[in-house]
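Close look at the chain arrangement
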Protein chains: 2
Amino acid sequence: MNQVGIVSDYSQAMTYELHYWPTIQGRGEFVRLALEATGTSYVDVARSAADTGKGVAAMQRFMDLKSTRHPPFAPPFLKDGDFVVGQTAAILQYLAPTLKLVARNEQAGIWTMQIQLTIADMVTEAHDTHHPIASSLYYEDQKAEALRRAGDFCKERMPKFMKWFERVLAQNPAGNRYLVGNRMSYADLSLFQLVEGLRYAFPLASEKVLVRTPLVLALHHRIATQPRVAAYLKSDRRLAFSEEGVFRRYPELDVG
Amino acid sequence: MNQVGIVSDYSQAMTYELHYWPTIQGRGEFVRLALEATGTSYVDVARSAADTGKGVAAMQRFMDLKSTRHPPFAPPFLKDGDFVVGQTAAILQYLAPTLKLVARNEQAGIWTMQIQLTIADMVTEAHDTHHPIASSLYYEDQKAEALRRAGDFCKERMPKFMKWFERVLAQNPAGNRYLVGNRMSYADLSLFQLVEGLRYAFPLASEKVLVRTPLVLALHHRIATQPRVAAYLKSDRRLAFSEEGVFRRYPELDVG
């Protein structure tokens, strides 16, 4: 009897399933980073082959099920055995204790969540620079509005948000290496990804802002060089940024 | 020695402080409803008299402090003694166990949070119907864009969100009286407030949608008639909706 095989099967049954659109980083990337940075085993369902019962169709089928107790509103969502959770911040809140990406202390946990929700707000605002009218319309059909919204985002919102993250690092009583306490949390991974996205989408505007937030830049570097994150970023599991995702490089929107 | 006085002072020191803009319901209302529905004692700081050391100036002073460990990005925020928490969903997550507005079961708690975050997403989209370009500009300066965004919101987004809430109620294995399990949670209070806001801002469009979501309407009625909520709604602590808040009645945006 092959005990290793048994252990392996058991472990596979318990493997997390990440469900997200297969061709973009999008909001799924915040979850993927948490899994990758901790060496956690997972299946990226919609990116897996349809002939194994996976693929986008499998994700869509699950979303339409009438029998699910916890139907997700939209991807990303995570399946952990029978338990299903959607909404990026809720997925991270669920995973974090097991992945040791949050302090056990209740107040530190709530503070981490608060930072994550502020990152999520900024991600939505970054998305809305290219889709200020409707996600269902093409960019080209809302370009005039996008130019106006991106101007405000680059000149007002981006500095305001980044200054706040800088302040959180500066006022952390445990030191300025991480957002919460003196260990990496999922919020640090998410802030790394936010900076990555801003640099891709708004190279000029983000440079102007980031030069004034050295602690944020140092954190970004710290995460990028964490061994598991660095290996992931070089792997083909890391999708490229593109003009299909949340962060899009349209030079006319980069009001530097 | 007056022991009652001592107890009273002690209790006052422990009273929650809610910090939010004093003239609008806004996002603060989701926290206020949780406090009111549970008969929890709190001080509405920015709505209190400046000569008692409170008022908007006190809220602003606190936000600017360089010494706070957990500086809030924006109101609302809650102070519980020395602990400070911002972001509506994080405040509710923090308060809920004490106020008994969430199940103790971890998975039910995460599910409640997921629903709350989806409500929060819809609140942001409702806000952006009148401010699709920049919160810092007047409505009149983005009215053309607002008309386009509101059209999509009323015809696509509102039905999609409300249909999901209806489905959550219909697929709740514990019955369709509440969103999670068979007891009122903070998500039920928030969905009540969302329906209130939609009916105020979009009377025609929301009527068309709500007629197809009878479970959501029944939940709204159940919350409105909960004795403490009903008493609160009749009190002068409940501010009126207005064209300064998140939900604004501009008839031209109500694409019914």
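Predicted model only: the values in this text are computed from it and were never measured. (Residues numbered from 1 in each chain as written. Chains lettered and ligands numbered in written order. Predicted model: local features only at pLDDT ≥ 70, side-chain atom pairs only at ≥ 80, totals over all residues. Heavy atoms only, no water.)

1. Here's the deal with the domain arrangement of chain A
Residue and element names in this part refer to chain A.
- Domain annotation for chain A reports domain 1 (3–99) and domain 2 (106–226).
- A C-alpha centroid distance of 25 Å is found between domain 1 and domain 2.
- Counting from both sides, the interface comprises eleven residues of domain 1 and, opposite them, 14 residues of domain 2.
- Taking both partners together, domain 1 and domain 2 bury about 1,100 Å²; carbon and sulfur atoms supply 69% of that area.
- Of all residues in domain 1, the largest losses of buried area upon contact with domain 2 belong to Arg 27, Phe 30 and Leu 33, amounting jointly to 43% of the total for that side. (Domains from an automatic or database assignment. Contact = heavy atoms within 4.5 Å. Buried area = accessible area lost by both parts, 1.4 Å probe.)

2. Focus on the pattern of salt bridges
- Under the definition given, this model contains 21 salt bridges over all chains.
- Where A:Asp44 meets A:Arg47, a salt bridge forms, and the shortest distance between an N and an O atom there is 3.4 Å.
- Here A:Asp44 falls in the buried class, since its relative accessible area comes to 12%.
- Taking the relative accessible area as the measure of exposure, A:Arg47 reaches 27% and is therefore partly exposed.
- With its nearest N and O atoms 4.0 Å apart, the salt bridge here joins B:Arg149 to B:Asp128. On the criterion of sequence distance, the pair formed by B:Arg149 in helix H6 (residues 143–170) and B:Asp128 in helix H5 (residues 106–130) is long-range, its members being 21 residues apart.
- The exposure class assigned to B:Asp128 is buried, which follows from its relative accessible area of 6%.
- Each of A:Glu29, A:Arg32, A:Asp44, A:Arg47, A:Glu196 and A:Arg238 takes part in one network of salt bridges that share partners. (Salt bridge = Lys/Arg side-chain N within 4 Å of Asp/Glu carboxyl O. Buried < 20%, exposed > 50% of the residue type's maximum accessible area, 1.4 Å probe, protein only. Helix = DSSP H or I, 4+ residues; strand = E, 2+ residues; numbered from the N terminus.)

3. Section: the pairing of strand S4 (residues 83–86) of chain B
Residues and elements named next belong to chain B.
- Burial along S4 is two-sided: the face carrying Phe 83 and Val 85 and the face carrying Val 84 and Gly 86 are both buried.
- When strand S3 (residues 77–80) meets S4, the two strands line up antiparallel, connected through four bridges. Among the inter-strand pairings, Phe 77 is bridged to a residue of S4, identified as Gly 86. (Pairing = 2+ DSSP bridges.)

4. Quick look at the pairing of strand S1 (residues 16–19) of chain A
Residue and element names in this part refer to chain A.
- Bridge count for S1 against strand S2 (residues 42–44) is three bridges, and the pairing is parallel. Across the sheet, residue Tyr 16 finds its bridge partner in S2, namely Tyr 42.
- In this fold, S1 hands off to helix H2 (residues 28–37), which returns the chain to S2; that crossover is right-handed.
- When S1 meets strand S3 (residues 77–80), the two strands line up antiparallel, connected through three bridges. Residue pairing for S3: His 19 is matched across the bridge by Phe 77. (Right-handed = clockwise from strand over helix to strand, strands pointing away.)

5. Description of the sheet that holds S4(B)
Residue and element names in this part refer to chain B.
- In space, the four strands of this open sheet follow the order S2-S1-S3-S4, with mixed pairing throughout. Only two strands of the sheet have a single partner each, and these edge strands are strand S2 (42–44) and S4. For this sheet, the mean inter-axis angle between neighbouring strands, taken without regard to orientation, is 20°. (Axes fitted to C-alpha atoms, helices over the stretch in contact; angles between N-to-C directions.)

6. Some words on the environment of A:Leu233
Residues and elements named next belong to chain A.
- With respect to the helices, strands and loops of the structure, Leu 233 is situated in helix H10 (residues 227–234).
- Counting along the chain gives 200 residues from Leu 233 to Leu 33, while the straight-line C-alpha distance between them is 9.4 Å.
- If near-sequence neighbours (up to four positions away) are discounted, Leu 233 is found in contact with Phe 192, Ala 224 and Arg 238.

7. Remarks on the relation of the copies chain A and chain B
- Least-squares fitting of chain A to chain B yields an RMSD of 0.0 Å, with the superposition described by an axial translation of 0.0 Å and a rotation of 180°. The superposition of one copy onto the other is thereby described by a two-fold rotation axis. Taking C-alpha positions as the reference, the residue of chain A nearest the rotation axis is A:Pro132, at 3.0 Å.
- Here 100% of the interface residues in chain A have copies in chain B that are interface residues too; the copies meet face to matching face. (Least-squares fit on C-alpha atoms with pLDDT ≥ 70 in both.)

8. Observations regarding unusual backbone geometry
- At the junction of A:Pro75 and A:Pro76, the peptide bond is cis and its omega measures out at 0° in the coordinates.
- The phi dihedral of A:Lys100 is positive, around 55°, even though this residue is not glycine.

9. Structural notes on the sheet that holds S2(A)
Residue and element names in this part refer to chain A.
- Read across the sheet, four strands follow the order S2-S1-S3-S4 without closing on themselves; strand pairing throughout is mixed. Edge strands, defined here as strands with exactly one partner in the open sheet, are S2 and strand S4 (83–86). If you compare each strand with its neighbour and ignore which way they point, the axes differ by 20° on average.
- Lying over the sheet, helix H3 (residues 56–64) contacts S1, S3 and S4, oriented at roughly 85° with respect to S3.
- Across the sheet, helix H4 (residues 88–99) touches S1, S3 and S4, and the angle it forms with S4 is around 125°.

10. Structural notes on helix H5 (residues 106–130) of chain A
Residue and element names in this part refer to chain A.
- Taking 1.5 Å of rise per residue, the 25 residues of H5 would be expected to cover 36 Å, and the 37 Å separating its terminal C-alpha atoms lies within 8% of that figure.
- Counting buried positions along H5 gives 20 out of 25 residues, so the element sits mostly inside the fold.
- Two or three places before Gln 107, at the start of H5, stands the capping residue Asn 105, its side-chain oxygen 2.9 Å from that residue's backbone nitrogen. (Expected span 1.5 Å × (residues − 1). Polar contact = N/O pair within 3.5 Å; in protein donor to acceptor, adjacent residues only side chain to side chain.)

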